[in-house]
Amino acid sequence: MPISIAAAPDTERFRAYGVRHVDELSRRFAIPEHIARSVKALGAVLPFRVNEYVLSHLIDWDDIPGDPVFQMVFPQSGMLPAEDERRLSALVDDPAARKELRLAVQQIRDGLNPHPSGQKQLNVPTLDGDAVPGLQHKYRETVLYFPGQGQTCHAYCTYCFRWAQFVGDADLRFAAPSPEGLVDYLGRHPEVEDVLVTGGDPMIMSTERLRSHLGPILGAPGVRTVRIGTKSVAYWPQRFVTDTDADDVLRLFEDVVASGRNLAVMAHFTHPRELDSDLARRAVARIRSTGAMVYCQAPLVAHVNDDPRTWSALWRAELAAGAIPYYMFVERDTGPYEYFKVPLARAHDIFRSAYLTLPGLARTVRGPVMSAAPGKVVVDGVAETAQGRVFQLRMLQARDPRLVGRPFQAHYSESAAWLDELRLVGTTPPDIAAALVGVRQPAGGQPA
Ligand code: SF4
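Everything quoted here is computed from the prediction, not taken from an experiment.

(A) Examining the environment of Ile350 more closely. The topology assignment puts Ile350 in helix α16 (residues 344-355). Residue Ile350 is classed as buried on the basis of its 23 C-beta neighbours within 10 Å.

(B) Spotlight on the sheet that holds strand β12 (residues 366-372). As summarised here, the arrangement of the eleven strands in space is β5-β6-β7-β8-β9-β10-β11-β12-β13-β14-β15, forming an open sheet in which the pairing is mixed. Each edge of the open sheet carries a strand with a single partner, namely β5 (135-139) and β15 (407-411). Put simply, the sheet's adjacent strands are angled 30° from each other on average, direction ignored. Taken together, the five bridges between strand β9 (residues 262-268) and strand β10 (residues 293-300) define a ladder with parallel strand orientation. In the sheet register, Met266 faces β10, and the bridge partner there is Tyr295.

(C) Fine view of the site of the ligand. Taken together, Cys153, Tyr156, Cys157, Cys160, Arg162, Gly199, Gly200, Asp201, Lys231 and His268 are the residues near the ligand. Here the shell around the ligand is composed, by residue class, of four nonpolar, three polar and three charged.

(D) The arrangement of the nonpolar core in detail. If you look at the biggest cluster of nonpolar residues, it comprises 125 residues, and the most contacted ones within it are Leu42, Val54, Val73, Tyr145 and Met328. With sequence-adjacent residues up to four places away left out, Val54 is seen in contact with Ile59, Val69, Val73, Ala155 and Tyr235.

(E) Layout of the domain arrangement of the chain. Each assigned domain of the chain is listed here: domain 1 (16-110), domain 2 (116-362) and domain 3 (363-448). For domain 2 and domain 3, the distance between their C-alpha centroids amounts to 25 Å. In this assembly, 29 residues from domain 2 lie in contact with 25 residues from domain 3. Here the side of domain 2 that touches domain 3 takes seven residues from strand β11 (residues 324-330), the largest share from any one element. Here the residues of the side of domain 2 that touches domain 3 sort into 20 nonpolar, four polar and five charged.

(F) Highlighting the confidence of the model for the chain. Looking at the chain as a whole, its pLDDT mean stands at 92, while 93% of the residues score no less than 70. Contacts of residues 444-448 to residues separated by more than four positions or lying in other chains number nine contacts, the stretch itself having pLDDT below 50.

(G) Spotlight on helix α5 (residues 82-92). Where α5 is concerned, the buried positions are Glu85, Leu88, Leu91 and Val92. Down the axis of α5, the smallest arc covering the buried residues is 135°, so these residues share one side. Exposed side of α5, more than 90 degrees from the buried face: Ala82, Glu83 and Arg86 are the residues found there. In this fold, the buried residues of α5 make contact with α2 (33-42) and α6 (98-110).

(H) Spotlight on the pairing of β11. Along β11, six of the seven residues are buried, which leaves the element largely enclosed by surrounding structure. Two elements, β10 and β11, share six bridges in a ladder whose sense is parallel. What sits directly across from Pro299, in β11, is Phe329. You can see the chain leave β10, run along helix α14 (residues 308-320) and come back into β11, and the turn it takes is right-handed. Relative to β12, β11 is paired through two bridges, and the arrangement is parallel. Within β12, the residue paired with Tyr327 across the bridge is Arg366.

What counts, and at which threshold
Chains are numbered independently. Their residues run from 1 in the order of the written sequence. pLDDT decides what is reported in this predicted model: residues at 70 or higher carry local features, side-chain atom pairs at 80 or more are listed and counted, and totals for whole chains, interfaces and linings draw on all residues regardless. To qualify as a helix, a DSSP run of H or I must reach at least 4 residues; to qualify as a strand, a run of E must reach at least 2; elements of each kind are numbered from the N terminus. Exposure criterion: with C-beta atoms placed from backbone coordinates, a residue whose C-beta has 20 or more other C-beta atoms within 10 Å is buried, one with 12 or fewer is exposed, and one in between is partly exposed. The criterion for strand pairing is that DSSP finds at least two bridges linking the strands in question. In this analysis, axes come from line fits to C-alpha atoms, helices being fitted only over the stretch in contact, and the angle between any two N-to-C directions falls in the range 0 to 180 degrees. Near residues are defined by distance alone, with the backbone-placed C-beta atom required to lie within 6 Å of the molecule or strand. Put simply, Ala, Val, Leu, Ile, Met, Phe, Trp, Tyr, Cys and Pro go in the nonpolar bin, Asp, Glu, Lys and Arg in the charged bin, and everything else, Gly too, in the polar bin. Linking buried Ala, Val, Leu, Ile, Met, Phe, Trp, Tyr and Cys residues through C-beta atoms within 7 Å yields a set, and such a set is a nonpolar core. This entry defines residue contacts through backbone-placed C-beta atoms, with two residues in contact when those atoms are within 7 Å. As annotated, the domain borders come from an automatic or database domain assignment. Residue-level confidence of the predictor is summarised by pLDDT, bounded by 0 at the bottom and 100 at the top. In this description, the arc belongs to the directions extending from the helix axis to the C-beta atoms. Seen with its strands pointing away from the viewer, a crossover is right-handed when the path leading from the first strand over the helix to the second is clockwise.

Listed below in structure tokens is the structure:
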């Protein structure tokens, strides 16, 4: 059924809206007062940013608050515990309670596990004993690079596992002031073949700025692949079509490809509606015309896309646009996790039900995948064994390369939503058990 989406010109200039614009947005889009109040209260803790394109092209205002895109970008009731929500509601409207509000916000954020999977401790590389800011090195061949000017997004996702990047707390932020540290690191780590430029969203930068970060990477002879993690194709496809430097960014992509590197745009699409837009499909086509590949990934999140029909439609739309379905991620244990989490058993059901509707070319997709401290773990299935019902799991990627591709099993659970809620079976190989620190070990056995 067609939905009522307000029209907006394709050539509009980018304009972002935040918590201070909630009253203006309420008037424009007839947001009921109780919903607007929740947005203001929860928006004090969770980052909130939306833009004209998302407001006018993607949200069905006749269906709020249940509309999936409204859920995706507007902090709202239920995303935090009721007691926190009450506390924030009481404080946000009271100008005399500014100090108390700051304290409450800090306390609530601290309780939301701002850096899941040990990122702050485990993945920070060093040079001569000093941490290199804005870099993460978890898997042998891949370095993540967070350019300092690319640490915002065209809109923020309420379920973002990097939400802590956006709340103005320098301590919670990864950001490289310049590519110098990265280049130095790459020079001393020839095993790194793949640089993932990420954020935030690197495509928030002007083309000139983006070039100043990508250019030096191309000087590293060992780098074979440059990846750019972005949701701009969904949230601001104008970036590749009508922005004043849209053509320049295509030239930049062509230059990366001409250097002999594989350029992969890791596009984040959460809902098929994001690809209903002609502008988004044109953006994908223009990116592909440069020789870049477009891979698609997104988390499975309750209230937004926890339905096999949604994923089937999404993966089909990606394939039709010429992009490659790549990952369905399991939502990470951070931020409003309780609101968005989907148990692994259900996640596997959704994945498989959607997967079996797909044509072969879309079965490039993998999932559901947990990007956890020891590596990426995929739930391959559920099996009945002599030890009872189990999850069949596999290390898709691993901090220890020797574990990549290795299968293992954990006891089945209807409710477990993350690796550390599982219990390994007794026959788990000791090296895998040792890598899965935090996962309950088999009875009577300890990791070697
Ligand atoms: S676009 Fe990506 S980094 Fe930005 S808020 Fe959404 S999930 Fe997070």
